[in-house]
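Listed below, chain by chain, are the residues.
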Amino acid sequence: MQKELSILLPSYNNVCDELVKTLQHQCEECEASCGLRYEIIVADDGSTDTSSVEQNKIINTIPHCRYIIRERNEGRAAIRNFLARQARYDRLLFIDSDLMVRHCGYIRRYIESSGSDVVYGGYVIHCDLGSMSSNLRFIYDSSNTRNGNATERNKKPYSDFHTSNFVINRNVMLRFPLDERFRRYGYEDVLLGKTLKENRISIRHIDNPLSFENFDSNHAFVAKTEEGIQTLHDFEDELRGYSSVIAAGEKIKRLGLLPMADMAYRQFVHKIKRKLTGNEPTVFLFNMYKLLLFCHLKAEDIQKDNNKYQTQ
């Protein structure tokens, strides 16, 4: 059983004092029953919502808890690396601050886990289906059943790894930090999974999920996705083999269909986005949009290279 734990929460425009109180209460129970030494550190990554920063300041009044305000937004990778350096204990638990704890033994499950350098707990969707039937983020995440099923995730332990809810040895995190070139949304956790695999760092998946309950609007989720596809495009070489979008895009290029895909993007992009941000979005259309956007970015690169060659 692990007797020390640093719980680390990156936060951006998000109020998480209630989550911290829940975690601290569970840690107190573990401290009384098995002598757990713990700390909870929340680091705000340059939030623009000053009201959430003010409310989170109450975290500093909770025993063993600390709230650090960072004036400048450094990105998802950098804030997590910063938290790892701030931690005092050898076992780190990273939690996204917009998730919720639904199991009273959540902390105990992690401190009882051993035998792997990294342990990932997954997440589940907790929401009323009727009220969210037109929400794209809800529909998409609900279709990804592996996140709540450790048996399925253990079949591909490095591909199904995310930084939203995992424990890692501090020395491993410091040796293999998240790549801080990833400033836009998305895929920094995918590259970390690849790095861990290449360096033979074991990942074990367990059923210890957090609950995802706050869903972006369709417009906001599409905008995040577009940012993520740009990240995927920028780091295509590093992420090859870990993305179905890259694999499909490369196949389209090999078959000589990239110009056709680019034409389809240019012709239908506005219609697709209206559908995705409306009341009847579908996972199929969402996946199609991601692939067409990726192909469009690749086609733009080819055109830029051609233009550069012609001007030389």
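One structure accompanies this document, and this report is about it. Please read these numbers as outputs of a predicted model, since none were measured by experiment.

Definitions and limits used
- Residues numbered from 1 in each chain as written.
- Predicted model: local features only at pLDDT ≥ 70, side-chain atom pairs only at ≥ 80, totals over all residues.
- Heavy atoms only, no water.
- Helix = DSSP H or I, 4+ residues; strand = E, 2+ residues; numbered from the N terminus.
- Rg over C-alpha atoms; globule rule 2.2 N^0.38 Å.
- Buried < 20%, exposed > 50% of the residue type's maximum accessible area, 1.4 Å probe, protein only.
- Contact = heavy atoms within 4.5 Å.
- Areas by Shrake-Rupley, 256 points an atom, 1.4 Å probe, with all protein chains shown as cover.
- Lys, Arg positive; Asp, Glu negative; His and termini not counted.
- Charge placed at Lys NZ, Arg CZ, Asp CG, Glu CD.
- Pairing = 2+ DSSP bridges.
- Right-handed = clockwise from strand over helix to strand, strands pointing away.
- Axes fitted to C-alpha atoms, helices over the stretch in contact; angles between N-to-C directions.
- Parallel < 35°, antiparallel > 145°, perpendicular 65-115°, else oblique.
- Phe/Tyr/Trp six-rings, centres within 6.5 Å; stacked < 30°, edge-to-face > 60°.
- Patch = residues over 30% accessible without salt bridge, like charges linked within 9 Å, V, L, I, M, F, W, Y side chains within 5 Å.
- Salt bridge = Lys/Arg side-chain N within 4 Å of Asp/Glu carboxyl O.
- Disulfide = S-S within 2.5 Å.

## Concerning the overall build of the chain
- Secondary structure assignment for the chain yields 13 helices and 10 strands.
- For 312 residues, the compact-globule formula gives about 20 Å, and the C-alpha radius of gyration of the chain, at 21 Å, lands near that figure.
- Referenced to the eigenvectors of the C-alpha coordinate spread, the extents of the chain come out at roughly 70 × 45 × 40 Å.
- Each of the 312 residues in the chain was classed as buried or not, and the buried ones make up 49%.
- Sequence separation of at least 24 residues holds for 83% of the intrachain contacts in the chain that already meet a minimum separation of 6.
- About 15400 Å² of surface is accessible on the chain, with carbon and sulfur atoms providing 49% of the total.
- In the chain, which carries 43 positive and 42 negative side-chain charges, the distance between the mean positions of the two groups comes to 5 Å.

## As for the pairing of strand β1 (residues 4–11)
- The buried fraction of β1 amounts to seven of the eight residues, a majority that puts the element mostly inside the structure.
- Pairing of β1 with strand β2 (residues 37–45), which is carried by eight bridges, proceeds in the parallel orientation. Bridge pairing links Glu4 to Arg37 in β2.
- On the question of chirality, the crossover connecting β1 to the parallel β2 by way of helix α1 (residues 17–34) is right-handed.

## So, the packing of helix α5 (residues 136–143) against helix α9 (residues 218–234)
- Two elements in contact, α5 and α9, have axes whose closest approach is 8 Å; the angle formed by their N-to-C orientations is 60°. For the element pair α5 / α9, the angle class is oblique. Of α9, the residues touching α5 (which contributes Leu136, Arg137 and Tyr140) are Asn218, Phe221 and Val222.

## Here's the deal with the sheet that holds strand β3 (residues 65–70)
- Across the sheet, seven strands lie side by side as β3-β2-β1-β4-β8-β6-β9; this open sheet has mixed pairing. Only two strands of the sheet have a single partner each, and these edge strands are β3 and β9 (203–205). The sheet shows a mean angle of 20° between the axes of neighbouring strands, direction not considered.
- Lying on the sheet, α1 is in contact with β1, β2, β3 and β4 (91–95); it crosses β2 at an angle near 165°.

## Some thoughts on the packing of aromatic side chains
- According to the stated counting rule, one finds 12 aromatic pairs in the structure shown.
- Between Tyr106 and Tyr110, the aromatic rings sit 5.4 Å apart at their centres with planes inclined by 80°, giving edge-to-face as the arrangement. Residue Tyr106 and its partner Tyr110 are both found in helix α4 (residues 106–111); the two are separated by four residues, about one turn of the helix.
- For Tyr106, a relative accessible area of 1% corresponds to the buried category.
- Where Phe182 meets Phe235, the ring centres are 3.9 Å apart and the plane angle is 20°; that geometry is what we call stacked.

## Let's talk about helix α3 (residues 76–86)
- Of all 11 residues in α3, eight are buried, a share of seventy percent or more.
- Buried residues belonging to α3 abut β1, β2, β3, β4, α7 (170–175) and α8 (188–198).

## Digging into the sheet that holds strand β10 (residues 210–212)
- In spatial order, the strands read β5-β10-β7; together these three strands make up an open sheet with mixed pairing. In this open sheet, the two strands that pair with only one neighbour each are β5 (99–100) and β7 (123–125).
- Across three bridges, β7 lies against β10 in parallel orientation. Looking at β10, one finds that Val124 is bridged to Ser211.
- Relative to β7, α5 is tilted by about 125°, and along the sheet it contacts β7 and β10.

## Observations concerning a nonpolar patch on the surface
- Among the surface-exposed residues, Leu255, Leu257 and Met260 lie close enough to one another that they form a single nonpolar patch of about 310 Å² accessible area.
- Tracing the backbone shows Leu255 in the loop between α11 (244–254) and α12 (258–276).

## Examining the state of the cysteines
- Using the criterion set out here, one finds zero disulfides in the structure.
- Between Cys16, a cysteine without a disulfide, and Cys65, which holds the nearest cysteine sulfur, the sulfur-to-sulfur distance is 10 Å.
- Its sulfur unpaired, Cys104 is 10 Å from the next cysteine sulfur, which belongs to Cys30.
- Cys104 gets classed as exposed once you look at its relative accessible area, which sits at 67%.

## Examining the pairing of strand β8 (residues 165–169)
- With five of five residues buried, β8 is to be regarded as a mostly interior element.
- Both faces of β8 are covered, namely the face carrying Asn165, Val167 and Asn169 and the face carrying Phe166 and Ile168.
- The pairing of strand β6 (residues 118–120) with β8 spans three bridges and is antiparallel. Of the residues in β8, the one forming a bridge with Val119 is Val167.

## Re the pattern of salt bridges
- Under the defined criterion, the tally for this structure stands at 23 salt bridges.
- In this structure, Glu152 engages Lys155 in a salt bridge whose closest nitrogen and oxygen atoms are separated by 2.9 Å.
- Looking at Glu152, the relative accessible area reads 30%, which means it is partly exposed.
- For Lys155, a relative accessible area of 58% translates into the label exposed.
- The salt bridge partner of Asp237 is Arg240, with a shortest N-O separation of 3.3 Å.
- According to the relative accessible area criterion, Arg240 is partly exposed, its value standing at 35%.
- What emerges from the salt-bridge pattern is a single network uniting Glu236, Asp237, Arg240, Glu250 and Lys298.

So yeah, pure geometry; function would need other evidence.
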